[in-house]
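Residues per chain are reported as follows:
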Amino acid sequence: MKKHHRLPIALQQAIYRSLRHHLSLATPLFDDPLTEPSISWQQRGTTAGSAWLKEWQIRLNPILCEENPSAFVEQVVPHELAHLLVWKKFGRVAPHGKEWRWMMEDILKVKAERTHRLVTTSVAGKTFPYHCNCQQHALTVRRHNRVVRGETEYCCRHCAAPLRIGEFQG
């Protein structure tokens, strides 16, 4: 993976057009003019984007954006913008609650989906095999290291057994 991923200028322009278009749809909801959120290309891993409320910033994953340009323009940008707009209008509320769904569907006219369905194999990190009493699990490097350092123990959501390193012998 490249350290600095450079997106095509046409794609960057499409992202900003989407941001400005959806921002204009929400403008009538606010008494004061809205400033355009900044866009950062610092999102990493399998996350497509995130909203940084206090910074009034949307962080986007440049690799996933280049691999899925229409999904970013049509879904990811409005999704993250909706988080910022809801925070501005209502303060702290549930991240994907009724206010967010209202903002997405009624104001921004985009289907409200909590998570993306993008293929993330190109950005997925190494995982470690763990098992419980009922199945195989894949822990990220971060979670594996926390187990190794003795900082935490993870349990299966189905059988409640602690996860142990190694393949499932089921």
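Before reading on, note that the structure itself is shown above.
Definitions and cut-offs
Residues numbered from 1 in each chain as written. Predicted model: local features only at pLDDT ≥ 70, side-chain atom pairs only at ≥ 80, totals over all residues. Heavy atoms only, no water. Helix = DSSP H or I, 4+ residues; strand = E, 2+ residues; numbered from the N terminus. Buried < 20%, exposed > 50% of the residue type's maximum accessible area, 1.4 Å probe, protein only. Contact = heavy atoms within 4.5 Å. Areas by Shrake-Rupley, 256 points an atom, 1.4 Å probe, with all protein chains shown as cover. Lys, Arg positive; Asp, Glu negative; His and termini not counted. Charge placed at Lys NZ, Arg CZ, Asp CG, Glu CD. Pairing = 2+ DSSP bridges. Axes fitted to C-alpha atoms, helices over the stretch in contact; angles between N-to-C directions. Salt bridge = Lys/Arg side-chain N within 4 Å of Asp/Glu carboxyl O. Polar contact = N/O pair within 3.5 Å; in protein donor to acceptor, adjacent residues only side chain to side chain.

The next thing to look at is the overall build of the protein. Across its full length, the protein holds five helices and six strands. N-terminal to C-terminal, the α/β element order of the protein is α-β-β-β-α-α-α-β-β-α-β. Projected onto the principal axes, the alpha-carbon positions of the protein cover approximately 60 × 35 × 25 Å. Every one of the 170 residues in the protein was classed for burial, and the buried ones make up 39%. Considering only intrachain contacts with a sequence separation of at least 6, the fraction spanning at least 24 residues in the protein is 52%. In the structure as shown, the protein presents an accessible area of about 10700 Å², 50% of it carried by carbon and sulfur atoms. Taking the 24 positively charged and 15 negatively charged side chains of the protein as two groups, their mean positions are separated by 5 Å.

On to the sheet that holds strand β4 (residues 127-131), then. Pairing is antiparallel across the open sheet formed by three strands, whose spatial order is β5-β4-β6. Two strands bound the open sheet, and with one partner strand each, they are β5 (136-140) and β6 (164-165). Summarising the sheet, β4 and β6 pair through two bridges and their orientation is antiparallel. Paired with His131 across the bridge in β6 is Arg164. Of the strands in this sheet, β4, β5 and β6 touch helix α5 (residues 141-148), which is tilted by about 95 degrees from β5.

Right, let's get into the pattern of salt bridges. For the coordinates displayed, the defined rule picks out six salt bridges. The salt bridge involving Arg164 is made with Glu153; its shortest N-O contact spans 3.2 Å. You can see Arg164 sitting in strand β6 and its partner Glu153 sitting in the loop between α5 and β6, a full 11 residues away along the chain. Residues joined by salt bridges that share partners form a network here, namely Lys111, Glu113 and Arg117.

So, on to the pairing of β4. Alternating positions in β4 separate cleanly, Phe128 and Tyr130 being buried on one face and Thr127, Pro129 and His131 remaining unburied on the opposite face. Sheet topology note: the β4/β5 ladder contains five bridges and is antiparallel. Its bridge partner being in β5, Thr127 is matched across the sheet by Thr140. Hairpin remark: β4 followed by β5, antiparallel, with four residues in the connecting loop.

What follows deals with the sheet that holds strand β3 (residues 57-60). Across the sheet, which stays open at both edges, the three strands sit in the order β1-β3-β2 with mixed pairing between neighbours. Looking at which strands have only one partner, the edges of the open sheet turn out to be β1 (38-40) and β2 (49-52). Sheet twist, expressed as the mean angle between neighbouring strand axes with direction ignored, is 20 degrees. Here three bridges tie β1 to β3, and the two strands are oriented parallel to one another. What sits directly across from Ser40, in β3, is Arg59.

In this section: the side chain of Asn61. Looking at the element boundaries, Asn61 is found in the loop between β3 and α2 (62-67). One polar contact links the side chain of Asn61 to the main-chain carbonyl oxygen of Gly45, over a distance of 2.8 Å. Setting aside its immediate chain neighbours within four residues, Asn61 contacts Gln43, Arg44, Gly45, Thr47, Ala48 and Phe72.

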